Structures are given as structure tokens and as C-alpha cells.
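This is what each chain is made of:
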Amino acid sequence: MSQVFHRSTNTLSRVSIFGGIFILGFLVWAWAELNASNYATRAKVPVNQPVPFSHEHHVGGLGIDCRYCHTSVENSSFAGIPPTKTCMNCHSQIWVNAPMLEPVRQSFRTDQSLHWIRVHDLPDYVYFNHSIHVAKGIGCTTCHGAIDRMPLTWQEASLQMSWCLDCHRHPEEYVRPRSEVFSVAYQPPPNHVEIGRNLVKEYHIQSLTSCSTCHR
Amino acid sequence: MKPRNSSTASLRVRYPKLRIRISIALLLACASLACRRDMQDQPKYIPLRGSDFFADGRSARPIPEGTVARGELRADKVFFTGKSGDQFVDQVPFPVTRQVLERGEERFNIYCTPCHGRLGNGLGMIVRRGFKRPPSYHTDRLRQKPIGYFYDIMTNGFGAMQDYSAQVAPRDRWAIAAYIRVLQYSQMASINDVPPDVRQELNSELSTRSAEPKR
């Protein structure tokens, strides 16, 4: 009786085992890459808003402090999106006829909220608190990036859990002096890890990596 | 003539639109597996999330008129209005410590400098961009105003200035008012007002600053 398989099948089967692992590996890698891509995480994608509000102009150009508008960032989990009234503090007097600002004026006249689109949309099973991060010396730009150079606001970080854990495991690499938290010009000095280690001690920063720190 | 693929043909006859049905079923299966975001977007209110339930679409409800939230009873009239009777008070209703002044400086620099400038001379960035220039604090008229006057303006606004009651808490408004006094003193002070032990520090600071290259 002749052989069912030709001799060359030996080589083919060896190659296909290798190929199977390789192709599977590639698929896993491609999936992981796609998952972490800016397309999936929506990082670095400017978000269109009802009014094209520019942080570049208001923060970089005019030097307005973050807390002028985001008033609750030091006391609350939520940094606060300013009510229309805050816009009108200045825009009752300047740019009063700009068509771009008509939605703001209309909102003020009619007492209907502006429908800002949330840029940082964390899943609802994650509990993030701004006030504790600010109080422990995590600067705004550490997570939000160079907000003073964003004509339209985008999400700078991936907001994936690995990104949160990077800092929760090694806070000394990211912490800055409390006096610099709201500074958009702050550049970490070359010995920032050394300074960071001292700040971690001084501010009693714990490396919280338990699941229930954020998922509760 | 017999069709080439008899089994497919007979399936087609028995189940017309079979292909469309299969693709829809596959699509639905994918959708139910991959596209549900119930955990990400739970039906609950987080700050400023919209609401279908209320006519104005706000989940954060305005406080009904005539109600007082727990801990927000404003019984201390002097503290919350800056007035005693009809008169502005001339004293901060709590002890002004160095911490209070530093808090005042910080809050002033956040909320007031855009128009009033760091020195309180009314030449802030927003004024340079066309906002009506507020008066400088360094006039006899404003130096003689009681401190409650400044608290009142922050609370209720004045002229082109909107009120800051929503942005600055009452205690911080007092701290800012106290810091405005600091600014007023600082712009009138001479070197003789500086305690001798700090004078040296001021001099060295001045000389290092003048040694810096002009920008």
C-alpha cells in the first residue's frame, strides 16, 4: 500500500506549526496595538464643541489660571465645567458681537445649558477624583498635556488602566511641588525623580494599586 | 438542463433571501457581543451628565427657591454680606493670619488679576484686550473704603464686573479683601516701613533682580 501523504508533507506540517504560532502571535500583537491606538482610546483627537473654545488662547495667550473656570478641582472629584455665566464675566464686554460666541450669548439669554462634549469620558466603573491628585502634587499638565497649546481640546493620555498604574506604581516620577501644580510652564528638572522621592515622603503619597482604589 | 449546483439551487428555492438573513443574523451576533457598553455607560448621573427626565436636560437640579442646603444656612449676616445694618464693616470677621493673607494672594491671582492686574492697578490682561478698565486700588477713594465694601463687590458685582459669588467662597472673598489691603499698603510703603531684619533680604533680592538680563 502506498503512503497516503507524500514526503513533502513533513516539511509542510512543520512550517504550518511555526506559521500557526506566528500568525496567532501577530494577531494578538495587532489586536493589542489597535486597542492602545489613539483611534481606540480617542487620545490626541480634537473634539468639536458647540463653541470652538481655545485653551491655547485663554491659558497660553491670556494666562488665565485653570481654577478661574474649573473652580471645584481642589475640593471635588469633578473639576467643574464652568457655567455660561463664567464666560460672560468677560464676554459681556469683549467679543460681544462675535458670531462664534452666539451660542454662549443664547445660553445666557435663555438659561439653557451649552451642550459641551465631554473630552475625557472615563468608563462609569472608574472613580477618579481630581481633588486628591491636585492635593498630592500631580500637576494638571501631567495628565492633560500642554493644554496651553491646544486650540481645540483633546484628551492627551490614553486613559487606559496601564497608564493610571504607571503613575500609581511610581508616583515619584510624576509628582511635582504643590506650588507648581497649576503651572502650565512647569518642566520637570533633571533630578526630578530624586525630588519626587522626597515629595512622596513629604506629601505622604501612598502607592495605591488595589482594585478598589478606583473600582468601587 | 440540470443546474450545476443543485443543492444550493434547491436551498434558494426553499429559503428565498437566505443570504440576507444569514448576514443580518451574523451582524446582530457581532453587535450583541462587541458593541454593548452597558458597563462603560451606566444609567446613572455623574456630574453634569444630561438627563432625559427633566425638561431643561440638566441632571444637576437648581436648588428650589426658599430652601437651605444642609450646612449652608447663612445666618451670620456680617460674614456673608460684609454689612452690619446698612453699613459696610471695617474688619474681617475672623482673625487675619499670615495663612489667610497667603490664601488671599493665591485667590486674588486666580480670580482678580485677569482684570485688576497683579498689583491691583487695573491693568490686567483682559483690560489690555478691551475690557473696561477697573479703577486702581491705589487711590484715596478706595484706600478709605471699609473692607466690607470690597467683599460686597465680589459678592454682588459692580458696574462691568460680574459677581464672583459662584467662583469664590465667602471665606476666600474675605481673604482676597484682606490681600487687597496688603496691595494698597505695599504701593504706599517706603523702605522705612520694612522691618530692619527683612530689609537686607529685600535689598539683596532687588540687586539680584536688577542683575538679571532685561527681557
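Each value, and the rule that gives it
- Residues numbered from 1 in each chain as written.
- Chains lettered and ligands numbered in written order.
- Predicted model: local features only at pLDDT ≥ 70, side-chain atom pairs only at ≥ 80, totals over all residues.
- Heavy atoms only, no water.
- Helix = DSSP H or I, 4+ residues; strand = E, 2+ residues; numbered from the N terminus.
- Buried < 20%, exposed > 50% of the residue type's maximum accessible area, 1.4 Å probe, protein only.
- Contact = heavy atoms within 4.5 Å.
- Areas by Shrake-Rupley, 256 points an atom, 1.4 Å probe, with all protein chains shown as cover.
- 1 Å grid on protein atoms, 1.4 Å probe; cavity = no way out; pocket = protein on both sides within 12 Å on 5 of 7 lines; lining within 4 Å.
- Points joined across faces, edges and corners; volume = space filled by probe spheres on them.
- Nonpolar A, V, L, I, M, F, W, Y, C, P; charged D, E, K, R; others polar.
- Domains from an automatic or database assignment.
- Buried area = accessible area lost by both parts, 1.4 Å probe.
- Salt bridge = Lys/Arg side-chain N within 4 Å of Asp/Glu carboxyl O.
- Polar contact = N/O pair within 3.5 Å; in protein donor to acceptor, adjacent residues only side chain to side chain.
- Phe/Tyr/Trp six-rings, centres within 6.5 Å; stacked < 30°, edge-to-face > 60°.
- Lys NZ or Arg CZ within 6 Å of the ring centre and 35° of its normal.
- Patch = residues over 30% accessible without salt bridge, like charges linked within 9 Å, V, L, I, M, F, W, Y side chains within 5 Å.

(A) Layout of the overall build of chain A. Scanning chain A from N- to C-terminus turns up eleven helices and zero strands. Ordering the α and β elements of chain A from the N terminus gives α-α-α-α-α-α-α-α-α-α-α. In terms of overall dimensions, chain A has C-alpha extents of about 100 × 50 × 35 Å along its principal axes. For chain A, the proportion of its 216 residues judged to be buried stands at 32%. Relative to all contacts within chain A whose residues are 6 or more apart in sequence, the contacts with residues 24 or more apart total 69%.

(B) Just the overall build of chain B, in detail. Along the backbone of chain B there are ten helices and two strands. Ordered by position from the N terminus, the helices and strands of chain B form the series α-α-α-β-β-α-α-α-α-α-α-α. For chain B, buried positions account for 28% of its 215 residues. For chain B, contacts bridging at least 24 residues in sequence account for 47% of all contacts bridging at least 6. Summed over all atoms, the accessible surface of chain B reaches about 15,700 Å², with 57% contributed by carbon and sulfur.

(C) Region of interest: the side chain of D172(B). When you line up the elements, D172(B) lands in helix 9 (residues 170–188). Given the relative accessible area of 12%, D172(B) is considered buried.

(D) Highlighting the layout of surface pockets. The volume enclosed by the second largest pocket comes to roughly 890 Å³. Taken together, 32 residues form the lining of the second largest pocket, with D65(A), R67(A), N109(B), I110(B) and R118(B) sitting closest to its centre. Going through the elements one at a time, helix 4 (66–69) and helix 7 (130–135) of chain A together with helix 4 (98–111), helix 5 (113–116) and helix 6 (125–128) of chain B are the ones with two or more residues in the lining of the second largest pocket. The greatest single-element share of the lining of the second largest pocket, amounting to six residues, is contributed by helix 4 of chain B. For the lining of the second largest pocket, the per-class residue count stands at 14 nonpolar, seven polar and eleven charged.

(E) The domain arrangement of chain A, seen in detail. Looking at the assigned domains, one finds that chain A contains domain 1 (8–36), domain 2 (55–81 + 118–214) and domain 3 (85–115). Summarising the inter-unit geometry, the C-alpha centres of domain 1 of chain A and domain 3 of chain A are found 58 Å apart.

(F) Layout of the interface of chain A and chain B. Facing 29 residues of chain A, the contacting portion of chain B comprises 28 residues. Regarding the contact of chain A and chain B, the summed buried area is about 2,600 Å², with carbon and sulfur atoms giving 50% of it. On the chain A side of the contact with chain B, Y68(A), Q93(A) and D124(A) bury the most area, a combined 23% of that side's loss. In this structure, the connection of chain A to chain B is made through five salt bridges. A salt bridge links R67(A) to E106(B); its shortest N-O distance comes to 3.6 Å. Remark: the boundary between chain A and chain B carries 15 residue pairs in polar contact (both at pLDDT 80 or more). Put simply, the parts of the chain that give the side of chain A that touches chain B at least two residues each are helix 3 (55–61), helix 4 and helix 5 (84–91) of chain A. If one sorts the elements of the side of chain A that touches chain B by residue count, helix 5 of chain A sits on top with five residues.

(G) Representation of the environment of W95(A) in the model. All names here are of chain A. Looking at the secondary structure, you find W95 in the loop between helix 5 and helix 6 (102–110). Looking at W95, the relative accessible area reads 60%, which means it is exposed. Contacts of W95, omitting those with residues within four sequence positions, involve L101 and R105.

(H) Structural detail: unusual backbone geometry. Residues and elements named next belong to chain A. Residue D111 is not a glycine yet carries a positive backbone phi of 60°. By the secondary structure assignment, D111 is in the loop between helix 6 and helix 7. Taking relative accessible area as the criterion, D111 reaches 54% and is therefore assigned exposed. Located in the positive-phi region is L159, a residue other than glycine, with phi close to 65°.

(I) A look at the packing of aromatic side chains. Counted under the stated rule, the structure contains 13 aromatic pairs over all chains. Arranged with centres 6.3 Å apart and planes meeting at 85°, the rings of Y137(B) and F150(B) form a pair that is edge-to-face. With Y137(B) in the loop between helix 6 and helix 7 (140–143) and F150(B) in helix 8 (residues 147–156), the pair connects residues that are 13 residues apart, well separated along the chain. Through a chain of ring-to-ring contacts, three or more aromatic side chains come together here, namely F88(B), F108(B), Y137(B), Y149(B), F150(B) and Y179(B). Between R178(A) and the ring centre of Y203(A), over which it is positioned, the NZ or CZ distance is 3.8 Å. The lysine or arginine in question, K145(B), covers the ring of Y149(B), its NZ or CZ lying 4.6 Å from the ring centre.

(J) Structural view of a nonpolar patch on the surface. There is a patch of nonpolar side chains on the surface, built from F18(A), F22(A), I23(A), L24(A), F26(A), L27(A) and W29(A) and spanning about 850 Å² of accessible area. With respect to the helices, strands and loops of the structure, W29(A) is situated in helix 1 (residues 8–36).

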